[in-house]
Amino acid sequence: MKTPARCSVWIALVWLSSAVATADSPGDLVYESHVRPILKANCFHCHGEEEKVEGHLDVRLARLIAHGGDSGPAIVIGQPEESPLLQRVIAGEMPPGDKKLTTQQIDIIRRWVATGAKTARPEPEHPPVDDFTKEERAFWSFQPIQNPPVPLVQQANVVRSAIDQFLLAKLESQQLGFSDEADRVTLIRRLTFDLHGLPPTVESIERFTNDLSPDAYERLLDELLASPHFGERWGRHWLDVAGYADSDGYTETDPVRAYAYKYRDYVVGAFNADKPIDQFIVEQLAGDELLPLPYENLSADAADKLAATGFLRMAPDGTGAGGVDANIARNDVMAETIKIVSTSLLGLTVGCAQCHNHRYDPIAQTDYYRFRALFEPSYDWKNWRAPQSRLVSLWSADELKLAQAVDVEIKQQSDIRQTELDAIVQEVFEREVGKLPEEQRELARTARTTAADKRSPEQTQLLKDQPSLNVDRGSVYLYEHARVQKFNETWDKQIADIRARRPKEDYVPCLTEVPGQIPPTHLFSRGEFAQPKQVVEPGELLILNSVHSASVPHDDPQLPTSGRRLAYARQLTDGNHPLLGRVLVNRFWLHHFGKGIVASPGDFGFLGERPTHPELLDWLATRFTTDGWQSKRFHRLLLSSTVYRQQSVRRDEIDRVDPENRLLGRMPVRRLEAESIRDAILASSGVLSDKMCGEPSPVTVDDVGQVVVGIDTRDSAGRPTGKTVGLGEEEFRRSVYVQVRRTLPLGMLEPFDMPSLSPNCDLRPVSTVAPQALLMMNNDFVINESVRFAKRLQATVGTDTATQVTQAWWIAFGRAPTPNQLTASLTFIEDQRQQIPAPQQPSELPVAERALASFCQALFSSNSFVYID
């Protein structure tokens, strides 16, 4: 029999449950699907999640809203105008702050209250600990990846792969179909830019267009995939999401990361070697945990694995700079690293749960710290290792031995040098002493050998009266200038010759753990590290537990390190993770078709875009993982499809139904990325360097404040000195090898939407703005390369203007000009010749060459150059 107290509680619960009805039909507005997401994003933080619930009003359940708080019920069911909750949000009093509910959101709550404040199902007595609803658990990206059947289509004759069938089925449902196949000139330019980020050569275009064999396209595809330019192109795509930079950022000083390029080279090499992407990911998350300690005398493969962990060292890092709060900077490194990992591999904004439960996605604050615990042993913020302390030497045992021997020899020779210099100093001193009266000479010698604070007043006064006696190593040149100069030159050369035998220092920046040091990870109240709460163990996001069971050890006894990152990396790449495969294939698709199947590649959550072809996305993810995670094989699959080979010409029947071309009834027209525009200009002018990898080409600020490729000759105050230092080939390397300074974006690239690395870039914007056209008309780089392009044309095809124009068209656009275009080009060049004044100085170009260079610049500035059909 119930006690009176328990009976009253039971009666109250029955009353509250009956106050909120469950939905009668699927079309009803219900709390879980319609109202809860609004309140979760705007109200849960104060009214439910925190230990102190404001006004004792908990809005995490409809029943609790009806019950209300200190001011009574928050809603009056069926009477929205009488409901305090509606009154407060309409008046703009709630939520507090600048962010208010939209008119649409308020209308949803109003209609929900008016229609009975229904729920989808009976509610629990208390909000669940993880606070995930059935609707959240059922969200598409948290479901297991399926292997859906390939749909049947009516136009089977145009199908080359299952990809075409998935896309064509949707098109046919709208009485549409694919566009005709593009011509071969268009296809080779499209393929070459997609796989290399460079224009095709005239010779390769001629070879492909004249190849009548049925497998010509497939052989071209294989040839492009086998080129080292493939790794440069696709490595650059990955470097965006990894947040790759050659500087620390965080402060205005933006210190250079001298060895960051090791990670860039690892990425380029991995794509060229077709390293399985699962292995690629494991090495980036835990390459150090795949190696035995200590990290000495490393093989090339071991060095590669350490370099891979540079992925976790790319976040802005102020811990090596002065003038910052050390604890804030350390925790910021951790927070930014979590953002990079979660957006690049999971397609989720886990970082949004640092201070509170995620406002939109089912990611609890506990999840954030479970994720943080994966990296805490290597990013121990209370026992921090500065960036320079995270470098591992790549010297072999023999190189180390040689370096140590050279250091000993340098020390020995330096000691001898100092002894000989001291003899010269003593000789000069004795000569100066000899100029004193005899009775002062011994006093001077004694004063010189006596410490300054031990000298008698008489000794001090003597040295003051006779400043020539203060000769030492630093001032002896004033007495024996020629002799000391020759002495220094001789010794400098001798020691430099010895130092030249010393191996060049070579380090890899990486993420490692200190064996035996596993700090606890605390959940921080409101994200404040000064307010630690309970200890949290490492693990997967809780929302995924029901579909992807994963267990991360606290400390793996089989490894000298904690093993946390390695365990997580292997679970992430086990082929069953619901997010990773989808995220990866979506990125491949994005870079070939201009937009992902999920248009928000870094956000597969509730605020992200829904997939246009979910079955195709899952089919691709399944195919990718079961085929061994091979990226080149996957490229062949995508690029061999009919959908990829379509024309890009707009069709009225498609535009009426699908104006954004999301169904891909034609190939999208895409603008080149910033790096490809610069590289294509260099390729067209004939100076593009084929040097791969290694230290980046430096950037500096020129006399007008433009960031250019060059040696920094500014003075200590950052002012231009007017000096220039030639870089030679380094000036013309591909953009992927140009130094990435967070505070000095290359002027040639910046207007064309180069990535903002704060901390990484999961999707580049594509804008069309006036500064782009102004740059192409006025930038020194574009002007200089236009001159080189003109000189190339003159050197290769002679002085006939029509031939020059035709060759320029082939080089710049990959096709010949039409008769009208040829005529217009010739007219333009002739007009330029008439308007350009004759050269006044021997260094000025002839009129004909300047006119041709002006034409070349016009080609660089055209849409046909910067867009791919």
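This one's a predicted model, so the numbers in the text were calculated from it and none came from an experiment. (Residues numbered from 1 in each chain as written. Predicted model: local features only at pLDDT ≥ 70, side-chain atom pairs only at ≥ 80, totals over all residues. Heavy atoms only, no water.)

What follows is about the environment of L727. Along the chain, L727 falls in the loop between strand 7 (707-709) and helix 28 (770-778). For L727, a relative accessible area of 17% translates into the label buried. When the C-alpha positions of L727 and I711 are compared, they lie 7.4 Å apart, and in sequence the two are 16 residues distant. (Helix = DSSP H or I, 4+ residues; strand = E, 2+ residues; numbered from the N terminus. Buried < 20%, exposed > 50% of the residue type's maximum accessible area, 1.4 Å probe, protein only.)

Now for the packing of aromatic side chains. The final tally for this structure, using the stated rule, is 31 aromatic pairs. For the ring pair F139 and W140, a centre distance of 6.2 Å and an interplane angle of 45° mean the geometry is tilted. The pair F139 / W140 is uniform in exposure class, with both members buried. Three or more aromatic residues joined by ring pairs form one cluster here, namely W238, Y263, Y266, F271, F280 and F311. Above the ring of Y644, the side-chain terminus of R190 is found at 5.7 Å from the ring centroid. Lying over the aromatic face of F429, R448 brings its terminal NZ or CZ to 4.5 Å of the ring centre. (Phe/Tyr/Trp six-rings, centres within 6.5 Å; stacked < 30°, edge-to-face > 60°. Lys NZ or Arg CZ within 6 Å of the ring centre and 35° of its normal.)

Next up on the list: empty space enclosed by the protein. Throughout the structure, instances matching the rule amount to four cavities of 30 Å³ or more. By volume, the largest cavity is sized at about 150 Å³. Elements represented by at least two residues in the lining of the largest cavity include exactly helix 12 (229-242), helix 14 (277-286) and helix 23 (580-593). Across the lining of the largest cavity, the residue classes tally to eight nonpolar, two polar and one charged. Lining the second largest cavity, in full, are G197, E232, R233, R236, H237, E673, E675, S676, D679, R734, V736 and R764. Of all elements in the fold, only helix 12 and helix 27 (674-685) reach the threshold of two or more residues within the lining of the second largest cavity. Broken down by element, the lining of the second largest cavity gets its largest block of residues, four residues, from helix 12. Here the residues of the lining of the second largest cavity are counted per class, giving one nonpolar, three polar and eight charged. (1 Å grid on protein atoms, 1.4 Å probe; cavity = no way out; pocket = protein on both sides within 12 Å on 5 of 7 lines; lining within 4 Å. Points joined across faces, edges and corners; volume = space filled by probe spheres on them. Nonpolar A, V, L, I, M, F, W, Y, C, P; charged D, E, K, R; others polar.)

Residue L293 is joined to P294 through a cis peptide bond whose omega torsion reads -5°. Among the structural elements, P294 can be located in the loop between helix 14 and helix 15 (300-308). The amide bond that connects S758 to the next residue, P759, takes the cis arrangement and shows omega of 0°.

This part covers the state of the cysteines. Disulfide: a covalent bond formed between the sulfur atoms of two cysteine residues. Counted under the stated rule, the structure contains zero disulfides. Left without a disulfide partner, C510 is nearest to the cysteine sulfur of C693, which lies 18 Å away. (Disulfide = S-S within 2.5 Å.)

Another point: the environment of Q440. Tracing the chain through its elements places Q440 in helix 19 (residues 438-449). For Q440, a relative accessible area of 28% translates into the label partly exposed. For the pair formed by Q440 and L225, sequence separation is 215 residues and the distance between their alpha carbons is 86 Å.

Glancing now at the side chain of T573. Here T573 shows up in the loop between helix 22 (564-572) and helix 23. Those residues in contact with T573, other than ones at most four positions away along the chain, are D278, I281, V282, L580 and W629. (Contact = heavy atoms within 4.5 Å.)

Here we take up the nonpolar core. Counting 131 residues, the largest nonpolar core has I163, W238, Y263, L285, F311, W589 and L620 as the members making the most contacts within it. Broken down by element, this core gets its largest block of residues, eight residues, from helix 16 (residues 326-346). Not counting the four nearest positions on each side in its chain, W589 is found in contact with I163, L167, G594, K595, G596, I597, L616, L620, L638 and L664. If you look at the next biggest cluster of nonpolar residues, it comprises 46 residues, including V701, L727, L746 and I811. (Core = buried A, V, L, I, M, F, W, Y, C linked by side-chain atoms within 4.5 Å.)

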